[in-house]
Amino acid sequence: MSLNTTPRASSARPTEVDVVVLGAGFAGLTAARELSQRGLSVRVLEARDRIGGRTWYADGLGRGLELGGTWVHWTQPYVWAELARYGIGTVPSPAPAVAHWWEAGAARSGDPEELLARLDEPNRRLTADARRVFPTPFRPLEERALVESVDHETIADRIATLDLPAADRELLETFWTLNVNGSIDEAAYTQALRWVALTNGDWAVNFEACASYKVEGGTGRLAQAIADDSDADLRFGAVVEAIEHDDDSVRVTTADGRVHTARHAVVTFPLAALSRIRVTPPLPLAMDAAANEGQAGLGTKVWFRLEGVTEPFVAFGEKDWPLNFFQGEYPDGDGIIVIGFGPDARAIDPTDVRAIEEVIGRLIPGARVTAVEAHDWVADEFAGETWPMHRPGYLTGALAGFHAGDGRLRFAGADYAHGWGGFIDGAIEGGLIEARRILTENAGAQTAVPLLAATA
Ligand SMILES: Cc1cc2nc3c(=O)[nH]c(=O)nc-3n(C[C@H](O)[C@H](O)[C@H](O)COP(=O)(O)OP(=O)(O)OC[C@H]3O[C@@H](n4cnc5c(N)ncnc54)[C@H](O)[C@@H]3O)c2cc1C
């Protein structure tokens, strides 16, 4: 079916463009491509001097490194379709040869399969309700009453009810601290259920989805392919400060004092960045409160070169360590380039070689760190968070409002996803859905948007 998207005659006051897209991450790039390919005039306002947002494939440690979003998977339909569309493949992360973990106050080493097996039963119990609460995970509020019945709980609350032996509980806590990239005391239990529901209730497939297959040539390649396929007017260094909207149009003011007018806006800012924008009239209360509260993903991701270790490995520390998960990713001469994750960006300076060496040394004694590379996403004013992990109440309190939009404002992005909230996939999904809604509205169609319909 083709949509007639010829701009309809309108008595509305004239605007500079049909749509202004705020942000050039995966959500914004996707929306801009869809809208501009169908003949609408689109301007993208991006504060940075690059596309990709919270994905950033950059040079570091003598090679290309993903400083932000990295792994993709075939259970993620939107990103998988984009890879197919542009003929871009994936490359696997290396299978770990050995696992290191912390147990009863001491470092242990063993078979990675043994460690996975230790996580199996506790994770099954923790996420047993995933498909019951989220039977159709791309429509997260379909069983609203069920979701509401657990949306006040944190992941830590629910783990505490499992009555696990201390060693199993601690390992499970570290695992979910890794997934949250923040404190499990602040992350919604529904987020754990939702993630696992997206992989048909199988936590191990979900873990595979989160850390196994990278975009060949880097995420920047995919972002660039989408941007190259778009006729949108992309403006870098355009820092949005204020948005005014009414029944007719949207006025966006950037830091240089320029006002951009459009009939619609697609807002793709992370919650923390959204909270910095003056919106008039203000967003509905629940959305405004969610933006001010932000996400629980406030952690860190660091790359470093470890000397004296050459085999790929996986390592788990304690949940409160400044870095508590490590994955040896690229063998590099007499060393290996490692990714580390920690739950609190303020707890460690990601440029401090000795601090990183001290933490990894708890699990691999004598390990020597020779160089580091990282970006502090939490301190970055255009992100303010890493991957979006919702707080209790967000799903049932604010998400439906973001899906509905506010007048001429539409919200797309990983923070507002229907399915893979927190992932590149969710960002692309939002860009597609919101572009289609605007196209449908623009064509004067009265019918509901098929297939990709909003869920709330
Ligand atoms: C360290 C890290 C690891 C991750 N790992 C993975 C992973 O392995 N797999 C995965 O799928 N996902 C991962 N993610 C998440 C994924 O990268 C994001 O969810 C996704 O890229 C978000 O896309 P988006 O378009 O919704 O938002 P963003 O990419 O944040 O795009 C929003 C854009 O808006 C711009 N902006 C913000 N404020 C303003 C302003 N005032 N004016 C103008 N522009 C502004 C920003 O600069 C940005 O370009 C990770 C994220 C991080 C940070």
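Residues numbered from 1 in each chain as written. Predicted model: local features only at pLDDT ≥ 70, side-chain atom pairs only at ≥ 80, totals over all residues. Heavy atoms only, no water.

Visitor: Please set out the pattern of salt bridges residue by residue, giving values where relevant.
Guide: A complete count under the given rule lists 33 salt bridges for this structure. The closest approach of N and O atoms between Glu307 and Arg305, which form a salt bridge, is 3.3 Å. A salt bridge links Arg354 to Glu357; its shortest N-O distance comes to 3.1 Å. One end of the pair is Arg354 and the other is Glu357, both in helix H13 (residues 353–363) and 3 residues apart, which spans about a single turn. (Salt bridge = Lys/Arg side-chain N within 4 Å of Asp/Glu carboxyl O. Helix = DSSP H or I, 4+ residues; strand = E, 2+ residues; numbered from the N terminus.)

Visitor: Let's hear about the pairing of strand S7 (residues 98–103): which residues, and what values?
Guide: Walk down a regular strand and you will see the side chains alternate between the two sheet faces. With 4 bridges connecting them, S7 and strand S16 (residues 313–316) associate as parallel partners. Within S16, the position partnered with His100 by the bridge is Ala315. With 5 bridges connecting them, S7 and strand S8 (residues 106–110) associate as antiparallel partners. In the sheet register, Trp101 faces S8, and the bridge partner there is Arg108. Once S7 ends, the chain turns through 2 residues before running back antiparallel as S8, passing Ala104 with a positive phi of about 50°. (Pairing = 2+ DSSP bridges.)

Visitor: Talk me through the pairing of strand S12 (residues 250–254); I want residue IDs and the actual numbers.
Guide: Buried residues dominate S12, accounting for 4 of its 5 residues. Sheet analysis places strand S11 (residues 240–245) next to S12, joined by 5 bridges and oriented antiparallel. Bridged to Glu244 within S12 is Arg251. (Buried < 20%, exposed > 50% of the residue type's maximum accessible area, 1.4 Å probe, protein only.)

Visitor: Quick rundown of the domain arrangement of the protein chain? Include the residues and the values.
Guide: Here the protein chain is described as being made up of domain 1 (1–92 + 215–295 + 388–456) and domain 2 (117–201). Relative to domain 2, the C-alpha centre of domain 1 lies at a distance of 28 Å. Tallying the contact residues gives 23 residues for domain 1 and 24 residues for domain 2. If you sort the residues of domain 1 by the area they bury against domain 2, Met389, Leu395 and Thr396 come out on top, with a joint share of 35%. Along the contact surface separating domain 1 from domain 2 lie 1 salt bridge. With its nearest N and O atoms 3.2 Å apart, the salt bridge here joins Arg391 to Glu186. Applying the counting rule to domain 1 against domain 2 returns 9 residue pairs in polar contact (both at pLDDT 80 or more). Elements with a contribution of two residues or more to the side of domain 1 that touches domain 2: helix H2 (77–85), helix H14 (394–404) and helix H15 (424–442). (Domains from an automatic or database assignment. Contact = heavy atoms within 4.5 Å. Buried area = accessible area lost by both parts, 1.4 Å probe. Polar contact = N/O pair within 3.5 Å; in protein donor to acceptor, adjacent residues only side chain to side chain.)

Visitor: Can you lay out the packing of H2 against H15 for me, pointing to particular residues and giving the numbers?
Guide: How two helices pack is summed up by the angle between their axes together with the distance between the axes. Their axes nearest at 7 Å, the elements H2 and H15 cross at an angle of 80°. Between H2 and H15, the interaxial angle falls into the category roughly perpendicular. Contacts from Pro77, Tyr78, Val79 and Glu82 in H2 reach Ile424, Asp425, Ile428, Glu429 and Leu432 in H15. Broken down by class, the residue content of the contact of H2 with H15 amounts to 6 nonpolar, no polar and 3 charged. (Axes fitted to C-alpha atoms, helices over the stretch in contact; angles between N-to-C directions. Parallel < 35°, antiparallel > 145°, perpendicular 65-115°, else oblique. Nonpolar A, V, L, I, M, F, W, Y, C, P; charged D, E, K, R; others polar.)

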